[in-house]
Amino acid sequence: MTTSAAQLVLSPAVADALAAGRPVVALESTIITHGMPYPDNLAMARSVEAIIREAGAVPATIALIAGRFHIGLDDALLEAFAADRNAAKASGRDLAALAVQGASAGTTVSATMLLAAQAGIRVFATGGIGGVHRGAENTFDISADLTELGRTPVAVVCAGMKSILDIPKTLEVLETQRVPVIVHGSDAFPAFFARRSGEAAPQRLDDPAAIAAAITLHAALGSGTGLLIANPIPEADALDAAAIEQTIAAAVAEAAGRGIAGKEVTPFLLARINALTEGRSLAANIALVKNNARLAARIAVALAGRH
Ligand code: PSU
Ligand code: MN
């Protein structure tokens with residue numbers, strides 16, 4: 001293990017790959033601590049890492065463990081972290097205060113982007129990002145993931161966002177923040193469990209090399225922002241859009257009724273949707289994360305070959 005000036009603990013595999021300019025894909029860890037139950041979270045994390053390796057890239061799961069910012073976890077560390085049900089949820093703003101207490105935390109998309117950029121990693125795979133919550137005109141609940149996309153040059157590969165969020169408003173904020181939203185292989189912006197959200201794709205590119213070229217050019221323009229690469233869930237894994245929408249609406253109403261607020265909102269909704277669908281949403285979630293990891297690895301491989 002090496003500790004850089006920025007106090008990042010790089011795994012040997014990640015340190016070697018970055019030093020040699022080989023492809024690396026960052027992975028977040030709030031999906032492990034707050035997005036899925038144990039032990040499904042561990043199985044998901046392991047198979048996502050394996051998919052990235054098979055595609056010729058090095059996975060870098062990012063997490064705060066015992067006060068240290070880890071970029072790449074070995075299997076023993078990953079296993080212990082996935083089993084730690086007391087880990088906090090760290091957005092970018094939480095990292096410093098949690099670290100000085102020696103805490104462990106899953107890093108959200110915003111925190112993972114920040115740490116990936118510090119480490120020099122340009123591609124990041126996840127399931128879904130945070131965004132503008134339904135009712136945000138009253139609650140002001142807008143995920144820091146969107147702020148981070150507006151200022152940190154990392155490409156985030158996701159399956160869109162769940163309709164626990166207000167998808168049209170989320171797309172508006174991304175447009176305001178000058179964040180490219182590129183849909184892989186579809187004219188429709190996807191909605192996580194479903195291939196279509198009802199919104200059109202702001203941009204569409206059909207192959208990883210073209211996406212890598214767009215990432216390079218976006219950076220060369222001095223844009224300074226991240227990119228959102230939306231990858232629709234495979235048809236065979238998609239859930240019935242109307243049925244899942246009812247479940248999501250019930251979970252959102254329950255959260256409001258119980259007065260759930262702040263950083264608890266997203267974990268509460270994810271857990272309720274998993275429970276209400278009796279595992280069907282979890283299976284779809286795992287399938288789409290794997291699909292995103294594969295695309296992210298292909299993009300990272302294409303990017304590494306560009307210079
Ligand atoms: N959406 C999902 N699964 C997740 C998350 C969002 O479908 O696991 C997690 C991600 O880590 C994301 C975070 O960055 O929730 C957003 O939290 P918030 O809405 O509190 O910003
Ligand atoms: Mn929030």
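Residues numbered from 1 in each chain as written. Chains lettered and ligands numbered in written order. Predicted model: local features only at pLDDT ≥ 70, side-chain atom pairs only at ≥ 80, totals over all residues. Heavy atoms only, no water.

**Observations regarding the overall build of the chain**
The cut-off we apply is this: Helix numbers and strand numbers start at the N terminus; a helix is a DSSP run of H or I with at least 4 residues, a strand a run of E with at least 2. The atom set for the radius of gyration is the C-alpha atoms, and the globule formula is 2.2 Å times the number of residues raised to the power 0.38. Partly exposed residues are those whose accessible area sits between 20% and 50% of the maximum for their type, while under 20% is buried and over 50% is exposed, using a 1.4 Å probe and protein chains only. Only heavy atoms enter the contact rule, under which two residues are in contact if any of them lie within 4.5 Å. Per-residue and other accessible areas were derived by the Shrake-Rupley procedure at a 1.4 Å probe size, with only the shown protein chains allowed to occlude residues. All tallies of charge rest on Lys and Arg as positive and Asp and Glu as negative; His and the ends of each chain are not included. We put the charge of a Lys on NZ, of an Arg on CZ, of an Asp on CG and of a Glu on CD.
A tally of helices and strands in the chain yields 13 helices and 12 strands. Taking 19 Å as the expected radius of gyration for a compact globule of 307 residues, we find that the chain reaches 18 Å, a close match to that expectation. The dimensions of the chain, computed from C-alpha atoms along their principal axes, are 50 × 40 × 35 Å. The burial tally for the chain puts 54% of its 307 residues in the buried class. Considering only intrachain contacts with a sequence separation of at least 6, the fraction spanning at least 24 residues in the chain is 72%. Accessible surface computed for the chain: about 12,700 Å², of which carbon and sulfur atoms make up 53%. Positive and negative side-chain charges in the chain, numbering 24 and 28 respectively, have mean positions lying 3 Å apart.

**Side note on the site of ligand 1**
Using the following cut-off: A molecule or strand has a residue near it when one of that residue's heavy atoms lies within 4 Å. Counted as a polar contact is a pair of N or O atoms within 3.5 Å, where, for protein atoms, one must be capable of donating a hydrogen and the other of accepting one, and residues adjacent in sequence contribute only when both atoms are in side chains.
The immediate surroundings of ligand 1 are formed by 15 residues, with Glu28, Lys89, Ser143, Lys162 and Thr266 found nearest. One nitrogen or oxygen atom from the side chain of Glu28 is found 2.7 Å from an oxygen atom belonging to ligand 1. In the environment of ligand 1, an oxygen atom lies 2.6 Å from a nitrogen or oxygen atom belonging to the side chain of Thr266. About the coverage of ligand 1: the protein hides 92% of its 480 Å² of free accessible area.

**Observations regarding the pattern of salt bridges**
Any two side chains of opposite charge can pair, on the condition that their charged atoms come close. Applicable threshold: The salt bridge definition used is simple: a Lys or Arg side-chain nitrogen within 4 Å of an Asp or Glu carboxyl oxygen.
By the definition in use, this model includes 13 salt bridges. Salt-bridge contacts for Lys263 lead to Asp94; the nearest nitrogen and oxygen are separated by 3.5 Å. Of this pair, Lys263 sits in the loop between helix 11 (241-257) and helix 12 (265-276) while Asp94 is found in the loop between strand 6 (88-90) and helix 5 (95-100), placing the two residues 169 residues apart along the sequence. Using a relative accessible area of 38% as the deciding quantity, one classes Lys263 as partly exposed. Under the relative-accessibility criterion, Asp94 is labelled buried at 16%.

**Here we look at the environment of Ala188**
For Ala188, the location among the structural elements is in the loop between strand 10 (181-184) and strand 11 (203-205). Using a relative accessible area of 5% as the deciding quantity, one classes Ala188 as buried. Expressed as a C-alpha distance, the spacing of Ala188 and Ala230, which sit 42 residues apart in the sequence, is 9.8 Å. Apart from residues lying up to four places away in sequence, Ala188 is in contact with Val183, Arg195, Arg196, Glu199, Ala200 and Ala201.

Honestly, it's all geometry; don't read function into it.
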